[in-house]
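# Results of the structural survey
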Amino acid sequence: MLAFSVSLSGSDWRSIHVLDLVSLEEISGSCDWARYTSIAWKKDGRGFYYCRYPAVDEDKTAEERGTSTAEVKNQMVYFHQVGSSQEQDRLIYEDPDHPDWNFRLTTTDDGKYLLIGVTQSCAPQEKLHLIDIEQHFGYESKHVVTLIDDFEAEYHYIANDGSLFYVRTNRDAPRNQIVRIDVEKEVLPSWTSLLEEHPSDVLVHAEAVDGNKMVVIYQQDVKHVLELRHLQEGALIRPLQLPDLGCVTVNSRRRDSDFFFRFTSFVHAGSIFHVDLNGGGEPKLYRQVDVPDHDPSDYATEQVRWPIPCTWTFWSSRLCGSSFNSLNRFSMRARMERRFLCSLLRKNQSGYPLLANSTATVAS
């Protein structure tokens, strides 16, 4: 089954539909009045959790709602059984005392728990609730357990072994860390640090793969670094080589021994790579966006510091020859140093003194 949402006329309103991937036919029973929602499937595929608002502008068409400015409040969490009408959906969670709060939903890989993240703004801060849907399915609304009851940080589920959760959080770690939490034994926010905050790099993403491993993305000097680590220990297994300086997004599942990532850069319009951990574990090109009359190998990208990280892209020596390439790089370095010196002078004129004995070299 595939659940997807449809928006008409640029509206924030979403209508959620379900497609049978075998017959490629849409299943009756759409969910309307959804907005700013995630979709969290129950493991058996018979239904999903989603967020919706009370119906407004019911007298208007879908196209007219696209331009509506009516205020919407009181988001709610519902469960929809595939094939049933929305009128039969069950209310799982709401907070009428805080009508402006929104919810983010995640079901765990083992299908045992539903996580409800509660946000009050766009800031990376949320409360966190948990429901044991394996034990209390059908009565979820009576068994909501609060794990985090303040807006001090955000929490991203990576994986769990029963009640032992692996979570990425920025609590007490502005550049993020990965912690291990036993949600049935520990009093939160007390936990064991699994992968401590890096002194300079930002931990932007982590996903479980191949049972006891996880793929980790760090942002290092405004570029992404991809690593394979042990899930239960956090120890580095090995770095994964990227084709160039750029950014990646990862898609993996814990039960699979392989995963995919998408890579983009200054010269790569978008490429998808496949990593088979049982077949050597080296990224192999799976699919790419082909741009007419453009070959990424015609260019080279390097990163230097003046004093912050600076990245330049230039014609490669393969295309123009090594002597031209060296001259090209020298010219670019000269321009970068000139801009850096001008920046220092502007700061000095604004009242910020230059550092003693500081120098900047400019090539004419």
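Residues numbered from 1 in each chain as written. Predicted model: local features only at pLDDT ≥ 70, side-chain atom pairs only at ≥ 80, totals over all residues. Heavy atoms only, no water.

## Description of the overall build of the protein chain
Spelled out, the test is: Helical segments are the DSSP runs of H or I of at least four residues, strand segments are the runs of E of at least two, and each set is numbered from the N terminus. Buried means the residue's accessible area, taken with a 1.4 Å probe over protein chains only, is under 20% of the maximum for its type, while exposed means over 50%, and partly exposed covers the values in between. The contact criterion used is simple: two residues touch if any of their non-hydrogen atoms lie within 4.5 Å. Note that accessible areas follow from Shrake-Rupley with a 1.4 Å probe, and for residues the cover is restricted to the protein chains shown.
When helices and strands are tallied, the protein chain shows 4 helices and 25 strands. Scored against the burial criterion, the 364 residues of the protein chain give a buried share of 40%. Within the protein chain, counting contacts between residues at least 6 apart in sequence, those at least 24 apart form 37% of the total. Accessible surface computed for the protein chain: about 20,100 Å², of which carbon and sulfur atoms make up 49%.

## Some thoughts on the side chain of D182
Selection rule: In protein, a polar contact requires one atom able to donate a hydrogen and another able to accept it; more generally it is a pair of N or O atoms within 3.5 Å, and residues adjacent in sequence count only if both atoms are side-chain atoms.
In this fold, D182 is placed in strand β14 (residues 177-182). At a separation of 2.9 Å, a polar atom in the side chain of D182 contacts the side chain of S163. The residues touching D182, leaving out its near neighbours within four places in the chain, are S163 and L164.

## Quick notes on the nonpolar core
One broad rule of soluble globular proteins: the nonpolar side chains tend to lie buried together. To keep things clear, this is the line we draw: Here the nonpolar core consists of buried residues drawn from Ala, Val, Leu, Ile, Met, Phe, Trp, Tyr and Cys, with membership extended through side-chain atoms lying within 4.5 Å.
One finds Y49, V77, I92, F103, L105, L114 and I116 to be the most contacted residues of the largest nonpolar core, which totals 16 residues. Those elements giving two or more residues to this core turn out to be β5 (47-52), β6 (76-81), β7 (90-94), β8 (102-107) and β9 (113-119). Per-element accounting of this core gives the leading share, 3 residues, to β9. Residues in contact with L114, not counting those within four places in the same chain, are A40, Y49, I92, L105, T106, T107, H129, L130, I131 and I133.

## Some points on the pairing of β14
Rules: In this analysis, strands are considered paired if DSSP registers two or more bridges between them.
By the criterion of burial, β14 is predominantly enclosed, with 5 of the 6 residues buried. Bridging between strand β13 (residues 164-169) and β14 involves 6 bridges; their strand directions are antiparallel. Bridge pairing links T169 to Q177 in β14. Bridge count between β14 and strand β15 (residues 192-195): 3 bridges; the pairing is antiparallel. Bridge pairing in β15 links R180 to T192.

## Overview of the pattern of salt bridges
This is how it is decided: By convention in these notes, a salt bridge is any Lys or Arg side-chain nitrogen within 4 Å of a carboxyl oxygen on Asp or Glu.
On inspection of all chains with the given rule, the structure shows 15 salt bridges. For the salt bridge of D132 with K112, the shortest nitrogen-to-oxygen distance reads 3.0 Å. Note that D132 is positioned in strand β10 (residues 127-132) and K112 in the loop between β8 and β9, a separation of 20 residues in sequence. The exposure classification of D132 matches that of K112, with both residues buried. Between K127 and D149 there is a salt bridge, with the nearest N and O atoms lying 3.4 Å from each other. Remark: D149 occurs in the loop between β11 (144-148) and β12 (155-161) and K127 occurs in strand β10; sequence separation between them is 22 residues. The exposure class assigned to K127 is buried, which follows from its relative accessible area of 14%. In this structure D149 comes out as exposed when scored by relative accessible area, which is 55%. Put simply, K112, D132 and E134 are held in one network by salt bridges that share partners.

## Examining unusual backbone geometry
Positive phi values are uncommon outside glycine, yet Y36 reaches one of about 50 degrees. Looking at the element boundaries, Y36 is found in the loop between β3 (25-34) and β4 (40-41). Its identity as a non-glycine residue notwithstanding, V222 has a phi of 55 degrees, on the positive side. Tracing the sequence through the fold places V222 in the loop between β17 (213-220) and β18 (223-230). Given the relative accessible area of 60%, V222 is considered exposed.

## Thoughts on the sheet that holds β15
Note the following rule: Note on geometry: axes are lines fitted to C-alpha atoms, helical ones only across the stretch in contact, with angles between N-to-C directions running from 0 to 180 degrees.
Read across the sheet, 4 strands follow the order β12-β13-β14-β15 without closing on themselves; strand pairing throughout is antiparallel. What marks the edges here is a single partner per strand, and that holds for β12 and β15. Neighbouring strand axes in the sheet, compared pairwise and without regard to direction, differ in orientation by 30 degrees on average.

## Comments concerning the confidence of the model for the protein chain
Basically, it comes down to this: A score between 0 and 100, pLDDT records how confident the predictor is in each residue.
For the protein chain, the average pLDDT comes to 84, and 82% of its residues sit at 70 or higher. Segment residues 348-364: pLDDT under 50, and 13 contacts once partners within four positions in sequence are set aside and those in other chains are kept.

## What about the environment of V215?
Checked against the element boundaries, V215 lands in strand β17. Along the sequence, V215 and L226 sit 11 residues apart, while their C-alpha atoms lie 7.2 Å from each other. In this view, V215 contacts H205, A206, E207, V209, L226, E227, L228, V250 and F259; residues no more than four positions away in its chain are not counted.

## Side note on a nonpolar patch on the surface
Quick note on the threshold: Residues enter patches when their relative accessible area tops 30% and they take part in no salt bridge; the joining distance is 9 Å for like charges and 5 Å for the nonpolar side chains Val, Leu, Ile, Met, Phe, Trp and Tyr.
Residues L2, L21 and L24 make up a contiguous nonpolar surface patch of about 300 Å² in total accessible area. Tracing the sequence through the fold places L24 in the loop between β2 (14-20) and β3.

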